[in-house]
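Residue strings, one per chain:
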Amino acid sequence: MTMELSAPKPFFSFRPKTLLFALIGAMYVYVLVTTENFLFDKSSPEWAHIAPFQMWLLPHGLAAACALFLGPFQFSERLRRKYLTVHKTFGYLYIAGCYIGAPLGLYIQRFEEKLGTYSHSFTIATAMDAGIWIFATTMALIMIRTKRMQQHRQWMIRSFACALIFLEVRVILVFFKIPEPAVEMVVWACVAAAFPIADLVLQVDERLRQKPRTARA
């Protein structure tokens, strides 16, 4: 008979995934108190700016916010194991948030282009953002419907990376004090980086998962 001795677990430790989602949480708060703080100030001039498309902005904002809020729960292994129904419900709500929020965001951007607020190339960048988010989310849905769990998880990570573009752009603009003419460049950079960053996270996660298997071998 052999006995396996395992090192005692530390009382308090951070896993890379915990640190990542803590960073995302900080981004939520940072954006809320900087670029989106007009939501709590009825006298803000931003209300006059959004007045022409306000009826479309509300469902877009609610749907996209739902996806941003529920996205991290899709990567909780504990939630998936113990509360599978909740996990599935959150997943379908996330998909609905994407399918509603992304097209409405593109429509609003097109509306702003007609008002002269933004250029046509900015609308194209928004279309690319919406397109890759919908594509990744659809692939994740196809994978789970065909019982390919690992591929589903990979595409969900890519999908959530696309959803985070909304936060990333605003954090970069405010934190680095990016001038107005460079805003479009920031959007394009975040769109281009979404899939590579997601795949980097996947590779790091796979390396971390291989370590315990290697230690047991």
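Quick caveat, the model's predicted, so the values are computed rather than measured. (Residues numbered from 1 in each chain as written. Predicted model: local features only at pLDDT ≥ 70, side-chain atom pairs only at ≥ 80, totals over all residues. Heavy atoms only, no water.)

Let's shift gears to unusual backbone geometry. Phi at lysine 147 takes a positive value of approximately 65 degrees, unusual for a residue other than glycine. In this model, lysine 177 sits at a positive phi of 55 degrees, which is unusual for a non-glycine residue. You can see lysine 177 is positioned in the loop between helix H8 (165-175) and helix H9 (183-216). A residue is classified by how much of its surface remains accessible, and lysine 177, at 72% relative accessible area, is exposed. (Helix = DSSP H or I, 4+ residues; strand = E, 2+ residues; numbered from the N terminus. Buried < 20%, exposed > 50% of the residue type's maximum accessible area, 1.4 Å probe, protein only.)

Moving on, we get to the confidence of the model for the protein chain. On average, residues of the protein chain score 89 in pLDDT, and 90% of them reach the 70 mark or higher. Predicted confidence for residues 1-13 stays below pLDDT 50, and this span has zero contacts to residues more than four positions away or in other chains. (pLDDT = per-residue confidence, 0-100. Contact = heavy atoms within 4.5 Å.)

Further remarks concern the packing of aromatic side chains. All chains considered together, the criterion is met by 12 aromatic pairs. Between phenylalanine 21 and phenylalanine 75, the aromatic rings sit 6.1 Å apart at their centres with planes inclined by 25 degrees, giving stacked as the arrangement. Taken as a pair, phenylalanine 21 in helix H1 (residues 16-33) and phenylalanine 75 in the loop between helix H3 (54-70) and helix H4 (77-82) lie far apart in primary sequence, 54 residues in all. For phenylalanine 21, a relative accessible area of 22% puts it in the partly exposed group. Residue classification places phenylalanine 75 among the buried positions, given a relative accessible area of 10%. (Phe/Tyr/Trp six-rings, centres within 6.5 Å; stacked < 30°, edge-to-face > 60°.)

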